[in-house]
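Spelled out from the first residue to the last, the chains are:
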Amino acid sequence: MDTFAEPYTRAGDDISLDAVRDHVRALEARHKANGVQLSGRIIHVCHYLPVTCTITSTSTRDGVLSPPPTPPRHLADVPPSPSDELPPLTLPAQPERWKLTPRYGHSAMTSGIRSLSVTHEQVILGWTGDILSPAAPPDGNSSPDGDVNPSTGERVPSVRDRIPSARISQEDKDALDVELAQYTDKNGLEPESSKPITYLPLWMEDNVAHGHYDGYCKQTLWPLFHYLLWQDVATEHASADANYEYYEQANQAFATRLTSVLKPGDLVWVHDYHLLLVPRMLRIAMHSGAISGVGGESGGDVTIGLFVHTPFPSSEVFRCLPRRKEILDGMLGANLICFQTYSYTRHFTSTCVRVCGYETTSKGSMVTSTSASRGASVVSRGATGTGTGTGTGQTRGTSLTRGGKGTKGGAGIEKYVGIDVQGHVAAVTHCPVGVDAERVARDTLRAGIQPKLEALRALYADKKIIVGRDKLDVVKGVLQKLRAFEKLLHDYPEWQRKVVLIQVTSPALTDSPKLERQVSELVAHINGEYGSLDFIPVHHYHQTLRKDEFYALLSAADLGVITPLRDGMNTTSMEFVIAQERTKRSPLVLSEFMGISQHMADALQVNPWDLGDVAAAMNRGLVMSEEEKASRHASLHSVVTTHTSHTWAAVLAKMLLSQINGQNTARQTPYIPRDRLKELYDNAGKRLFLFDYDVSAGCPSMALPSPDALTALAKITSDPNNIVYIVSGRDQAFLEEHLGHFSRLGMSAEHGGFIRSPDSATWMNFTASLDMGWMEEVAEIFRVRLQWHYRSSDPEWGQFQCRQCQDLLENNVVPKRPIEVLVGKKNLEVRPIAVNKGEIVKRILYQNPGVEFIFCAGDDKTDEDMFRALLLFPPSSTSKATMEPPLSVTLVDNTKEYGDVELAVSPEAVFTTAVGHSSKRTLASWHVTTPEEVVEHMLFLVGEAPQGDELKGYL
């Protein structure tokens, strides 16, 4: 398992930006050399376009067209026509319909995305946001409400300036497409060699857009991800499930728009918690053939990444979410899920295990190796880590590590934690976001900063300046910071009248009058207690600062204090370090509950709830020596200028490319053709059915056969032309209890160790003639029996114990004995090499060579043995197959002579069917999504319809 002292960045990500980009180019070159299709495009799916759209079209802005003038009453009142007296009419130039400006906020993400234009063509898909009308009212004066965009100094229009999307004509929408095609962000300063950036606007109905963002995102997900349950925030009377339908509709709108522009070989990055359902929706569209040239058996593939910019809470908090499984399954549709910090990846992995019952695995991805498979398969011993339809080798499992070293020549495998969802494995990792250090350093040199900086120094010439800048939001810890400052003045009275706190609070996305009142009252209390007519200790400004004012304030500070109660990647702390490079190099007090805290180890880290601790850190920062200040600042500045937004984006591209390995490029297993299945079933004389128990039960989570499953088994076994076997890892007693009443049903227990033929009540033991002396050694480890289950234990503790036990067995017993260790679904088992499900299938087929139709279904790693045993024909073969006597026949009775038999079945009549994701690595020829669908197909063959609720599968 990973340690809790995981470094902030992963191994190999702390190199220069040019080195990361060279790594990306090398990966692409190797993929292309291996025949992998790459489009050279990265598509970013963001909630907003990084552009604010203001419409200037008069007809749309005015809404209703003016009626024509009232006609005159008398004909004599009609003036003569002036057409003969005037020169030809010259029409004025058509004004632009749209004004496009950079959107305020998310500058780090946007600059990182744009930096990728050095290596890739970029497509940015996002909602247009509210459409704005020109900001100035008819009287020409500025509206009293609305914020100021600090990047441009322009006023951001208020609600009264917004135009309903229903009033935007199609002509105006088309005009916006044209304007966006020509748009260039002047603040981006991309190099001339950059590849093009395309902006794709998404139009949504206002009720959907605001129900999605202002509703479910801000009232449900955002509080949850910041450890606020809904009774703790202003929406305490709202349901935690309210607005989910808008969230789902908006995500579907994004996925649908995305499918219209996808090409084979695209890389897709979905950004943040607004769009957590998009990865799965997109994958469903890919596998259903809804995207031209993408997915299916012969189409190209698209690699999907999801980056979550917010914190991710612990499983005990996340499990409170009513739609928890829908959200997690949506996220797990991605190939790679990336968070800001390692701790967030642990929380997510634990949530998937504890809430959904999914299992984790170690997933290897190619770094620069020309062969992704060399050492890359990280599966349990006994599992078949092979591509679909090819290969038979088995691979030993390896320990769960990160940042695996490459082999000679730059080849290597990078390890990720993976979440297995019915065969689709989503890799989980972390990569921190930085700021655009070059742009911030450039902004600190703006001409307007120096006068403001000198004014601040003159105003507080004999005072120490503590600076805080936060959104006025409950999780930003403004109240706690003010109380800690009050404690500083109380516990360290020497600072009274010698230090001031300048606290700037920008308006939050949702107003909180209660919080505003509490902050105002606390500021007034501190100023009343420690201030006087000629001195005010706390200066609180509730406004959005312009860039000049912001950087002047950061540059003038003697101490920066940023202490949110929970935050992801707070960029103000990084901007503070860069701004201080040319001035005082002042220290920084940071909350330990920020995602950036482990990134900036040389900051003074505090628990914001411990007011005494924060006050002591403030005092330490104020009295810190110049040498210590310089040393700490140098370390912080090195980190901030190395791990930038550009490096973050390049590493994302590298990680997503590294996911393109054997799993991603293997052909998609096609869905079983129901009509063809029925046709071959009807035409066959004798038929053979082979089911894993969990598949035949139809509801593996309950471990009991569903009513539909019992009906299907009854119908199929009642036909004398059908031979039906349950091939299971469960013991004889369990199978007898639940399925023993079907007299014509054959059963194999304990992975081929025992078999009971149809119309027989006697079990045959295949291990009786084998050397089983190894059992005592294994029993010393297992203590109880030779199969160990942990279904009822704590899932993470059980999995840990399972891996420990597997390690002991494989290192101490397996090298000496003819046995193998199997890791199944929440169980570990030891068996002789000669006893497995495949050998049982060979025995059944050898004894029934006349069958003309075979259907075999399984969902577990051990079921791959059955699929391998049914690989009876070479590729493209149409001839009959012959079969040698299997061990399961000769070991039981070695007194007889056994010869080869000719099989009657044809290649097209063998339906090996894996249950799970269509990209699941399997030897099966076909797939269905869920066990319920296997039962449904069996009922279809016998002319019955399912009576229970049909469960939606995971594609």
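These figures come from a predicted structure and were not determined experimentally.

### Let's talk about the overall build of the chain
Check the secondary structure of the chain and you find 30 helices and 32 strands. Sorting the 955 residues of the chain into buried and exposed places 55% on the buried side. A separation of at least 24 residues holds for 77% of the contacts in the chain among residues at least 6 apart in sequence. Looking at the chain as shown, the accessible area adds up to about 40600 Å², and 51% of this sits on carbon and sulfur atoms.

### Here we look at the sheet that holds strand S17 (residues 559-562)
One open sheet accounts for six strands, arranged S16-S15-S14-S17-S18-S19; its pairing is parallel. Either end of the sheet is taken by a strand with one partner, and the two such strands are strand S16 (538-541) and strand S19 (604-606). Between one strand axis and the next, the sheet turns by 20 degrees as a mean value, whatever way the strands run. Bridge count for S17 against strand S18 (residues 588-591) is three bridges, and the pairing is parallel. Within the sheet, the bridge partner assigned to Gly560 lies in S18 and is Leu588. Sheet strands in contact with helix H15 (residues 547-556) are strand S14 (464-471) and strand S15 (499-506), and its direction is about 140 degrees off that of S14.

### A look at the side chain of Thr341
Mapped onto the secondary structure, Thr341 falls in the loop between strand S10 (336-339) and helix H10 (342-356). Taking relative accessible area as the criterion, Thr341 reaches 1% and is therefore assigned buried. In terms of polar contacts, Thr341 uses its side chain to reach the side chain of Ser343, at 3.0 Å.

### Focus: the packing of helix H3 (residues 107-115) against helix H19 (residues 645-658)
The interhelical angle for the contact between H3 and H19, taken along N-to-C directions, is 60 degrees, at an axis separation of 8 Å. Classed by the angle they form, the pair H3 and H19 counts as oblique. The crossing of H3 and H19 is right-handed. Between H3 and H19, the contacting residues are Ala108, Met109, Ser111, Gly112, Ile113 and Ser115 on the first element and Ser645, His646, Trp648 and Ala649 on the second. Tallied by class, the residues present in the contact of H3 with H19 amount to five nonpolar, five polar and no charged.

### Focus: the pairing of S18
The two faces of S18 match: Leu588 and Leu590 on one face and Val589 and Ser591 on the other face are all buried. Crossover handedness for the path S17 to helix H16 (residues 571-579) to S18: right-handed. When S18 meets S19, the two strands line up parallel, connected through three bridges. Among the inter-strand pairings, Ser591 is bridged to a residue of S19, identified as Val606.

Procedures and definitions
Residues numbered from 1 in each chain as written. Predicted model: local features only at pLDDT ≥ 70, side-chain atom pairs only at ≥ 80, totals over all residues. Heavy atoms only, no water. Helix = DSSP H or I, 4+ residues; strand = E, 2+ residues; numbered from the N terminus. Buried < 20%, exposed > 50% of the residue type's maximum accessible area, 1.4 Å probe, protein only. Contact = heavy atoms within 4.5 Å. Areas by Shrake-Rupley, 256 points an atom, 1.4 Å probe, with all protein chains shown as cover. Pairing = 2+ DSSP bridges. Axes fitted to C-alpha atoms, helices over the stretch in contact; angles between N-to-C directions. Polar contact = N/O pair within 3.5 Å; in protein donor to acceptor, adjacent residues only side chain to side chain. Parallel < 35°, antiparallel > 145°, perpendicular 65-115°, else oblique. Left-handed = near helix turned anticlockwise from the far one by under 90°. Nonpolar A, V, L, I, M, F, W, Y, C, P; charged D, E, K, R; others polar. Right-handed = clockwise from strand over helix to strand, strands pointing away.

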